[in-house]
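The residues making up each chain are set out below.
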Amino acid sequence: MKNNMYRLALASVLFTGAVGLSSSQRPPAEKGLKDYYQAYFPIGVAVSPQALKNPAEVALILRQFNSLTPENDMKMGPIHPEENRYNWGPADAIVDFAQAHQLRVRGHNLCWHEQTPRWLFKNADGSPVSKELLLRRLHDHIDTVVKRYKGKIYAWDVVNEAVADDSTQLLRNSDWYKICGEDFIAEAFRYAHAADPQAVLFYNDYNTERPGKRERIYQLLKKLKQAKVPIDAVGLQGHWSLVEPTEKDLRATIERFASLGLKVQITELDVSVYPWEKDRRARRPGESDAYTPEMQQKQTAQYKLFFKVFRDEVKYLTGVTFWNISDHYTWLDSYPVAGRKNHPLLFDENFKPKPAYYEVVNF
Ligand code: G3I
């Protein structure tokens, strides 16, 4: 109750300028994405603790979203920088904010080949660890992190991006794979389930709509299901663009994974105004990074189509999360190189809804 009053007050101060009006004079709190999609699925957003200190971003989050994903702060490198030291502060700040405002949290992530801590794959003398020790470290990490947030985090991306982009391989040739073979995947799910049997456990990946990669992921998930590994769902990251995925591929992907008895979420949605590139890059000399009317029009059409498909597939889809809040900050501007401005989200650099927003909420 107290939280709801705080949300309403904050929303009216920041969005309507209605300071000092009595409740009968105040305009009704305006609806956000989460309200339009209340009968469908939660609408989430990836955040940093810094964003949760910025009043404009806080107002936008509270009005539009009802689920949070920490963009970086629960990954193994940031949260577990040394073997015997956890860095809880930033992750706790996000979970505390979510609790204070009754938002769900998706945990991201427990096992990934990127953003790993330096100590993880090595012994004290610098030699590579054995499979047995690496699995013990994975167990201890998952057990500690999942138990800390038990009851506060409803879903975890347990294994992230383990499938290869290369069509000749099933699994990515990561340090996890080199040391453990494929066993680390099933074990990660078992450890997470033992730590919190209520948590919804995800395998999460990108380019899941491309038929080749979709099939490789399908083979992995089928094997896990057959071996009775406790996996509940698959996350389609949704780092899409003006040119992909097609409606056919998107529907086929959701339905193919659902046929394994898995739920599906879109976990990291954004629609880049540039074609997807494996090696993202800086702006080249003379190259424009203007957000043209054509780009905006195509992007609006893409968002409209994607949300139509999401609504149609609601019996399989249990959530849609955007990867960042607004075009003010998107990982696509700066990862891995700075310099080429992107505009992939529903809110512009001034936190105002873009034309795509209205297409998403008017249905
Ligand atoms: O925190 C350090 C800071 O201390 C340092 O000074 C600075 C200098 O480079 O780096 C900061 O860390 C950066 C971190 O983001 C926080 O801003 C890392 O360099 C940078 O690599 C990291 O990028 C993140 C990327 O994952 C890492 O792979 C992006 O923010 C994050 O959006 C992105 O998220 C991933 C999902 O987890 C998985 N799916 C794909 C998605 C996009 O790549």
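I will try to describe carefully the structure that is included in this document. The structure displayed is predicted, hence computed values, not measured ones.

As for the overall build of the chain
Each helix and strand in the chain was counted, giving 13 helices and nine strands. For the chain, buried positions account for 52% of its 363 residues. Considering only contacts within the chain whose residues lie at least 6 apart along the sequence, 77% involve residues at least 24 apart. Accessible surface, the chain as shown: approximately 16300 Å² in total, 51% of it carbon and sulfur.

So, the pairing of strand β8 (residues 263–272)
Most of β8 sits out of view: nine of its ten residues are buried. Across four bridges, the pairing between strand β6 (residues 233–236) and β8 is parallel. Counterpart to A233 in the pairing with β8 is K263. Pairing analysis gives three bridges linking strand β7 (residues 239–241) to β8, with the strands arranged parallel. Pairing of S241 across the sheet is with S272, part of β8. On the question of chirality, the crossover connecting β7 to the parallel β8 by way of helix α10 (residues 247–258) is right-handed. Sheet topology places β8 next to strand β9 (residues 317–322); three bridges connect them, and they run parallel. By the bridge assignment for β9, L269 is matched with F322.

As for the side chain of K213
Checked against the element boundaries, K213 lands in helix α9 (residues 211–226). There is a polar contact of 3.2 Å between the side chain of K213 and the side chain of D205. Here the side chain of K213 touches Y206 through a polar contact of 3.1 Å, landing on its backbone oxygen. Those residues in contact with K213 that sit more than four places away from it in its chain are V163, A164, D165, D205, Y206 and N207.

Description of the environment of D92
Relative to the helices and strands, D92 resides in helix α5 (residues 89–100). A residue is classified by how much of its surface remains accessible, and D92, at 18% relative accessible area, is buried. For the pair formed by D92 and P49, sequence separation is 43 residues and the distance between their alpha carbons is 9.1 Å. Here D92 is in contact with R148 and Y149, once residues within four sequence places are set aside.

Looking at the site of the ligand
Around the ligand sit 16 residues in total, of which E71, K75, H108, E114 and E268 are the nearest. Take N72: an N or O atom from its side chain is 2.9 Å from an oxygen atom of the ligand. In the environment of the ligand, an oxygen atom lies 2.7 Å from a nitrogen or oxygen atom belonging to the side chain of H108. Coverage of the ligand by the protein amounts to 54% of the 790 Å² it exposes when considered alone.

Re the nonpolar core
With 100 residues, the main nonpolar core has W156, Y203 and F310 as its most contacted residues. The dominant element in this core, judged by the number of residues it contributes, is helix α8 (residues 183–195), at eight residues. W156 has contacts with M74, G107, H108, L110, V145, V146, Y149, A199, V200, L201 and F202, leaving out every residue within four places of it along the chain.

Quick notes on the pairing of strand β3 (residues 104–111)
Within β3, seven of the eight residues are buried, which leaves it mostly tucked inside the rest of the structure. Note that strand β2 (residues 67–70) and β3 share two bridges and pair parallel. Residue L68 lies in a different strand from β3, and its bridge partner there is V105. With four bridges connecting them, β3 and strand β4 (residues 155–160) associate as parallel partners. Bridge pairing in β4 places R106 opposite A155.

Regarding the pattern of salt bridges
Counted under the stated rule, the structure contains 23 salt bridges. Among the charged side chains, a network of salt bridges with common partners joins E247, R251, K308, D312 and E313.

So, a nonpolar patch on the surface
Together, Y40, V314 and F363 make up a nonpolar patch on the protein surface, roughly 240 Å² of accessible area in all. Tracing the sequence through the fold places F363 in the segment after α13 (355–361).

Calculation notes
Residues numbered from 1 in each chain as written. Predicted model: local features only at pLDDT ≥ 70, side-chain atom pairs only at ≥ 80, totals over all residues. Heavy atoms only, no water. Helix = DSSP H or I, 4+ residues; strand = E, 2+ residues; numbered from the N terminus. Buried < 20%, exposed > 50% of the residue type's maximum accessible area, 1.4 Å probe, protein only. Contact = heavy atoms within 4.5 Å. Areas by Shrake-Rupley, 256 points an atom, 1.4 Å probe, with all protein chains shown as cover. Pairing = 2+ DSSP bridges. Right-handed = clockwise from strand over helix to strand, strands pointing away. Polar contact = N/O pair within 3.5 Å; in protein donor to acceptor, adjacent residues only side chain to side chain. Near = heavy atom within 4 Å. Core = buried A, V, L, I, M, F, W, Y, C linked by side-chain atoms within 4.5 Å. Salt bridge = Lys/Arg side-chain N within 4 Å of Asp/Glu carboxyl O. Patch = residues over 30% accessible without salt bridge, like charges linked within 9 Å, V, L, I, M, F, W, Y side chains within 5 Å.

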